[in-house]
Amino acid sequence: MKELKVELKNNPYKIIIEENLLENNLCKYIKEVYNNKKIFIITDDCVEKLYLNKVMNKLKNDFELDYVVIPHGEESKSIEQYIYVCQELIKKDIRRNNLLIALGGGVIGDLCGFVASSLYRGLPYIGIPTSLLSQMDSSIGGKTGIDFYGRKNILGAFKQPKLVLIDPKTHDTLDKREFNNGMGELIKHGVIGNKKLLDLLKDKPKISEEIIYESLKVKKRVVEIDEFDTGERMTLNFGHTFGHIIELKFGYKHGEAVAVGMLMALRMGMDLNITPKECYDAVYDILKKYDLPLDYYDYKEYLHDTIFDKKNLAGTVNFILIPKLGECMIYKLSEDDLKEKF
Ligand code: GLY
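In this text, all values refer to a predicted model and were calculated from it rather than measured experimentally.

Draft legend 1. Region of the structure containing the state of the cysteines. Taken as a whole and assessed by the stated rule, the structure comprises 0 disulfides. This cysteine, Cys 46, is not joined by any disulfide, and Cys 112 carries the nearest cysteine sulfur, 17 Å off. Assessed through its relative accessible area of 36%, Cys 46 is described here as partly exposed. This cysteine, Cys 112, is not joined by any disulfide, and Cys 86 carries the nearest cysteine sulfur, 10 Å off.

Draft legend 2. Broad picture of the packing of aromatic side chains. By the definition in use, this model includes 11 aromatic pairs. Pairing Tyr 34 with Phe 63 gives two aromatic rings, centres 6.1 Å apart and planes at 25°, and the pair type is stacked. Pair noted here: Tyr 34 is in the loop between α1 (26-33) and β3 (38-44) and Phe 63 is in the loop between α2 (45-59) and β4 (64-70), with a separation of 29 residues, a long-range link. Note on accessibility: Tyr 34 and Phe 63 belong to one class, buried. Ring centres 6.4 Å apart and planes at 80° place the aromatic pair Tyr 297 and Tyr 302 in the edge-to-face group.

Draft legend 3. Local environment of the packing of helix α9 (residues 240-250) against helix α10 (residues 254-271). Packing of α9 against α10 leaves a shortest axis separation of 7 Å and a crossing angle of 130°. The orientation of α9 relative to α10 falls into the category oblique. Taken as a pair, α9 and α10 cross one another with a handedness that is right-handed. Along its contact with α9, which presents His 240, Phe 242, Gly 243, His 244, Ile 246 and Glu 247, the element α10 presents His 254, Ala 257, Val 258, Val 260, Gly 261, Met 264, Ala 265 and Met 268. Residues that form the contact of α9 with α10 fall into these classes: 8 nonpolar, 5 polar and 1 charged.

Draft legend 4. Representation of the packing of helix α3 (residues 79-91) against helix α4 (residues 106-118) in the model. Interaxial distance between α3 and α4 falls to 10 Å at its minimum, and their mutual angle equals 55°. Classified by the angle between their axes, α3 and α4 sit oblique to one another. Judged by the twist between their axes, the crossing of α3 over α4 is right-handed. Between α3, through Gln 81, Tyr 82, Val 85, Cys 86 and Leu 89, and α4, the contact on the second element is made entirely by Leu 111, Phe 114, Val 115 and Ser 118. Of the residues in the contact of α3 with α4, the class split is 7 nonpolar, 2 polar and no charged.

Draft legend 5. Molecular detail of the nonpolar core. The biggest cluster of nonpolar side chains holds 67 residues, and the ones touching the most others in it are Ile 15, Met 183, Ile 187, Leu 201, Ile 207 and Met 268. Element by element, the count of residues in this core is highest for α10, at 10 residues. Beyond its immediate stretch of four places on either side in the chain, Ile 15 contacts Lys 2, Glu 3, Leu 4, Val 6, Ile 140, Val 164, Ile 166 and Leu 216. Ile 16, Leu 21, Leu 52 and Leu 59 belong to the second largest nonpolar core, which has 24 residues in total.

Rules behind the numbers
Residues numbered from 1 in each chain as written. Predicted model: local features only at pLDDT ≥ 70, side-chain atom pairs only at ≥ 80, totals over all residues. Heavy atoms only, no water. Disulfide = S-S within 2.5 Å. Buried < 20%, exposed > 50% of the residue type's maximum accessible area, 1.4 Å probe, protein only. Phe/Tyr/Trp six-rings, centres within 6.5 Å; stacked < 30°, edge-to-face > 60°. Helix = DSSP H or I, 4+ residues; strand = E, 2+ residues; numbered from the N terminus. Axes fitted to C-alpha atoms, helices over the stretch in contact; angles between N-to-C directions. Parallel < 35°, antiparallel > 145°, perpendicular 65-115°, else oblique. Left-handed = near helix turned anticlockwise from the far one by under 90°. Contact = heavy atoms within 4.5 Å. Nonpolar A, V, L, I, M, F, W, Y, C, P; charged D, E, K, R; others polar. Core = buried A, V, L, I, M, F, W, Y, C linked by side-chain atoms within 4.5 Å.

The structure is reproduced here in structure tokens:
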């Protein structure tokens, strides 16, 4: 078992990483943070088949349980599913001191967290992320929300969970591509903030409690400094500025696009004499080991799009670059710099 404490002034919480947690200590950990009876589990129709009964069986002797199931997939991060979940919970007579559990991947975590932030002006919730991607990213840090009016995460709130429970055994039910999707974010944490994690990954071990712990240490540290995303948290966007463009244009999964985007940002750093070549080579090797895409795109062709994005009113983009493995820096690039330097 590995444990991290996210030290936020008003909302401190633990992240527990434990192999077979869902089989063994699930109930014990929930009881440590919740002493009422009623729990509502929010999940999707895929995760329902894999884990809902298992979780309910483990909790049924100690809690009164009910659940709401929504369709799986990104389309469910919608106002319609938000309304559906709230309606179901109200029909089922949810009270303001009841607990929600988000059992599933990123969509479930974001939607359930947003319901938890708004129903009764706020309910407690626990995250049980079941995909590697959600374990590495969205389940930590309290960003919740839904997509609306064609905009990602445009309706949302910062709402920290009471507890996050990660069982690495859930990786066994992810297909290879979905697993890789999480690996992109896991490796990113090593590159921006934890050289030890990259060393641990060198021999391509199974993703253990220790590896998840070392990766989440980086996100935890950043969230503690910048809970509401006003500065430091942008370092978590390493690989994302280019990655987002590539993801939309070529249909990569998010973590795959982050892998390709990291390589592009590393090459940009090399051209600016910020990133040493060995650093690029080391990241390339690790991405290769974990079968992440290594496709080459010329970052210069996409720089213009990032700066002239119509949402970018300031005309400056913050790139996250890597001066050294396990360290990152913010590099501001304006319209004028673009003409001068590239
Ligand atoms: N996914 C980046 C963040 O949590 O800020």
